[in-house]
Amino acid sequence: MSRRSLPPRAPSTRPATLAHDVDVLVVGAGIVGLAHAVEASARGASVVVVERDDRALGASVRSLGHVAVTAQDGPALACALVTRDKWIALGRQAGFDVSEAGSVVVARAEDELAVLEDFVCARDGAAHLLDRAGVARHLRSVDDDVVGGALLATDLRVDPRVAVPEIARWLSAQPRAAVVTGTSVLGVEPGSGRSLVRTSRGDVIARTVVLAVGADVDRLLPAVAEAHGLTRRTRQALRVTGPTAPGERGAGGGTVLLGGTAVLHHAGLTRSPQHKEVRERLEREQPEVVAAEVNLRATPLADGSLLLGDAGAQGGALPFRAEALDELLLREGERLVGGPLRVVERWAAVEATAPEPFVVARPQRGLLVVTVGAPIGLSTAFGLAPRTLDGLL
Ligand SMILES: Cc1cc2nc3c(=O)[nH]c(=O)nc-3n(C[C@H](O)[C@H](O)[C@H](O)COP(=O)(O)OP(=O)(O)OC[C@H]3O[C@@H](n4cnc5c(N)ncnc54)[C@H](O)[C@@H]3O)c2cc1C
């Protein structure tokens with residue numbers, strides 16, 4: 001889709017009182033909560049999304065906007081394929097830009113290229129090998145050590161800072177749907193056929209409650225977090241400008257660029273036995289990149305700037321951002337895009353991690369807890385929601 005991004009607008013209005021009785025109450029206006037609310041609304045339910053902040057400020061808006069479809073695996077791949085179609089449809093309905101230009105993995109070593117070759121063989125059609133010249137078309141300049149790469153053709157790019165609030169706005173314009181901000185959910189008490197939801201603006205009765213609070217499950221329902229091995233991980237990311245001028249729509253015109261570390265982080269790529277050689281080599285040559293679990297991605301935004309991420313050190317914790325991680329990201333980002341970059345924004349984000357990519361729990365009747373335990377929430381949420389709501393709505 002080639003429509004220009006709309007500038008972010010004010011969040012949805014905050015009603016003085018909450019609806020007292022709803023079919024579905026969703027806690028959290030991040031992408032997982034919104035995906036469940038959109039799905040419940042499409043099924044004809046009355047829906048209220050309750051968000052504690054004045055607008056969603058969690059992992060979703062701090063993400064890199066890479067809808068990583070092609071290199072998912074297993075149930076995440078099935079969810080990602082559904083999610084892809086839904087992003088494109090919502091982009092049209094809600095009026096935000098969704099780039100279908102795919103993503104390009106840039107390989108700088110033969111072992112990285114070998115992983116990509118294995119992957120392209122296994123995923124005939126959705127991914128294509130690129131030679132050096134093919135990769136160069138997506139970069140401002142290409143280093144001598146670039147050996148080739150792959151186009152992950154079914155990946156999308158969205159601007160999460162625009163798309164997430166626009167989905168909330170679009171949802172609140174649907175019949176029997178509302179997004180209520182600045183309101184914390186304090187607890188959910190079971191009842192007969194209905195749950196009583198305690199909020200900072202009064203109680204609500206709901207037939208189904210979807211708790212989509214990301215990493216904050218450990219605050220509201222610590223027993224659920226512990227039972228599923230859910231922990232927190234702090235990551236750092238940057239918004240940078242250059243080497244393209246503002247307005248050029250970034251290198252590759254909407255294509256997300258991925259560094260060779262992608263072969264360590266994308267489940268579909270780690271299926272290749274060769275990925276172990278990549279890890280061993282990187283541990284020898286760039287131990288700081290492995291230690292910081294750098295998952296190098298550069299996402300072009302409509303104004304020509306790039307979202308660049310992400311990295312996090314073991315034990316890294318808010319509120320203190322490590323300058324060394326930002327420097328590492330900047331250095332690797334400049335290598336990736338082939339030119340100097342200037343930092344315009346820095347941030348940290350907390351994401352949920354778990355042994356399984358999806359944590360879905362029903363700790364009491366009428367209460368559904370959904371958290372994505374891998375950094376793939378934007379890529380899978382719209383495929384996950386229909387699955388988790390089946391049998392409930
Ligand atoms: C740096 C970084 C980059 C990433 N890039 C990508 C990417 O490019 N592609 C991708 O697919 N994934 C990416 N991810 C992962 C992705 O961001 C997450 O998987 C996804 O955003 C999780 O969405 P969520 O809705 O569960 O959580 P969140 O977006 O964190 O939303 C949870 C919401 O719940 C609200 N909340 C919490 N407690 C309460 C309460 N008691 N009452 C009311 N509201 C409450 C919070 O305020 C928050 O708005 C990235 C993650 C990070 C950290």
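Reading the values: rules and limits
Residues numbered from 1 in each chain as written. Predicted model: local features only at pLDDT ≥ 70, side-chain atom pairs only at ≥ 80, totals over all residues. Heavy atoms only, no water. Helix = DSSP H or I, 4+ residues; strand = E, 2+ residues; numbered from the N terminus. Rg over C-alpha atoms; globule rule 2.2 N^0.38 Å. Buried < 20%, exposed > 50% of the residue type's maximum accessible area, 1.4 Å probe, protein only. Contact = heavy atoms within 4.5 Å. Areas by Shrake-Rupley, 256 points an atom, 1.4 Å probe, with all protein chains shown as cover. Lys, Arg positive; Asp, Glu negative; His and termini not counted. Charge placed at Lys NZ, Arg CZ, Asp CG, Glu CD. Salt bridge = Lys/Arg side-chain N within 4 Å of Asp/Glu carboxyl O. Near = heavy atom within 4 Å. Polar contact = N/O pair within 3.5 Å; in protein donor to acceptor, adjacent residues only side chain to side chain. Pairing = 2+ DSSP bridges. Axes fitted to C-alpha atoms, helices over the stretch in contact; angles between N-to-C directions. Domains from an automatic or database assignment. Buried area = accessible area lost by both parts, 1.4 Å probe.

Attention now goes to the overall build of the protein. The secondary structure content of the protein amounts to 12 helices and 19 strands. In summary, the protein has a C-alpha radius of gyration of 21 Å against a globular reference of 21 Å for 393 residues, a match within 12%. Summarising its shape, the C-alpha atoms of the protein cover approximately 65 × 40 × 40 Å along the three principal directions. For the protein, the residues scored as buried account for 57% of the 393 residues in total. Taking all contacts inside the protein whose residues are at least 6 apart in sequence as the whole, residues at least 24 apart take part in 74%. On the protein, roughly 15800 Å² of surface is accessible, and the fraction owed to carbon and sulfur atoms is 52%. For the protein, the separation between the mean place of its 44 positive charges and that of its 46 negative charges on side chains is 7 Å.

Turning to the pattern of salt bridges, a few remarks are in order. Applying the stated rule across the entire model yields 36 salt bridges. A salt bridge links Arg-108 to Asp-145, with the shortest nitrogen-to-oxygen separation between them at 2.8 Å. Here Arg-108, found in the loop between strand S5 (103–107) and helix H3 (110–122), pairs with Asp-145, found in the loop between helix H4 (132–136) and strand S7 (148–152); they are 37 residues apart in sequence, far enough to count as distant. Of the residues examined, Arg-108 reaches a relative accessible area of 17% and is grouped as buried. Exposure remark for Asp-145: the relative accessible area of 29% places this residue in the partly exposed category. Between Asp-216 and Arg-232 there is a salt bridge; the shortest N-O distance is 2.6 Å.

Turning our attention to the site of the ligand. With respect to spatial proximity, 37 residues lie near the ligand, and among them Glu-51, Ser-60, His-66, Gly-377 and Ser-379 are the closest. With respect to the ligand, the backbone of Val-32 contributes an N or O atom lying 3.1 Å from an oxygen atom. Between Ser-60 and the ligand, the recorded distance is 2.6 Å, taken from a side-chain N or O atom to an oxygen atom. About the coverage of the ligand: the protein hides 96% of its 1000 Å² of free accessible area. Counting only elements with at least two residues in the shell around the ligand, the list comes to helix H1 (31–42), strand S17 (342–353) and helix H12 (377–389). The element contributing the most residues to the shell around the ligand is H12, with 3 residues.

Okay, the sheet that holds strand S8 (residues 156–158) next. Read from one edge to the other, the open sheet built from 3 strands follows the order S3-S8-S4, with strand pairing classed as antiparallel. Each edge of the sheet is formed by a strand with only one pairing partner; in this case those strands are strand S3 (66–67) and strand S4 (98–99). Examined bridge by bridge, S3 and S8 share 2 bridges and lie antiparallel to one another. Each bridged residue has a counterpart across the sheet, and for Val-67 the counterpart in S8 is Leu-156.

Turning our attention to the side chain of Gln-72. Examined against the element boundaries, Gln-72 turns out to sit in the loop between S3 and helix H2 (74–94). The residues touching Gln-72, leaving out its near neighbours within four places in the chain, are Leu-77, Ala-80, Arg-123, Gly-268, Ile-376 and Ser-379.

Let us look at unusual backbone geometry. Residue Asp-310 follows Gly-309 across a cis peptide bond; omega there is -20 degrees. Its place among the elements puts Asp-310 in strand S16 (residues 306–311). Unlike most non-glycine residues, Arg-176 shows phi in positive territory, near 60 degrees. Mapping Arg-176 onto the fold places it in the loop between helix H5 (160–172) and strand S9 (177–180). Located in the positive-phi region is Glu-293, a residue other than glycine, with phi close to 45 degrees.

With that settled, consider the sheet that holds S16. One open sheet accounts for 8 strands, arranged S6-S7-S5-S14-S15-S16-S13-S17; its pairing is mixed. Strands at the two margins of the open sheet, each flanked by one partner only, are strand S6 (127–130) and S17. For this sheet, the mean inter-axis angle between neighbouring strands, taken without regard to orientation, is 20 degrees. Two strands pair when backbone bridges link them, and strand S14 (residues 256–258) and strand S15 (residues 297–300) are joined in this way by 2 bridges, in the antiparallel orientation. Residue pairing in the sheet places Leu-258 in a bridge with Arg-297 of S15.

Here the protein is described as being made up of domain 1 (21–60 + 162–229 + 355–389) and domain 2 (103–153 + 231–353). Distance from the C-alpha centre of domain 1 to the C-alpha centre of domain 2: 31 Å. The interface of domain 1 with domain 2 comprises 12 residues on the first partner and 7 residues on the second. Regarding the contact of domain 1 and domain 2, the summed buried area is about 740 Å², with carbon and sulfur atoms giving 50% of it. Counting the contacts that link domain 1 with domain 2 gives 2 salt bridges.

Quick look at the side chain of Glu-51 now. By the element assignment, Glu-51 lies in the loop between strand S2 (47–50) and S3. Buried charge without a salt bridge: Glu-51, with Arg-52 as the nearest opposite-charge side chain at an N-O distance of 4.8 Å. In this structure Glu-51 touches Gly-28, Ala-29, Gly-30, Ala-56, Val-180, Thr-181, Gly-182 and Thr-183, once residues within four positions along its chain are discounted.

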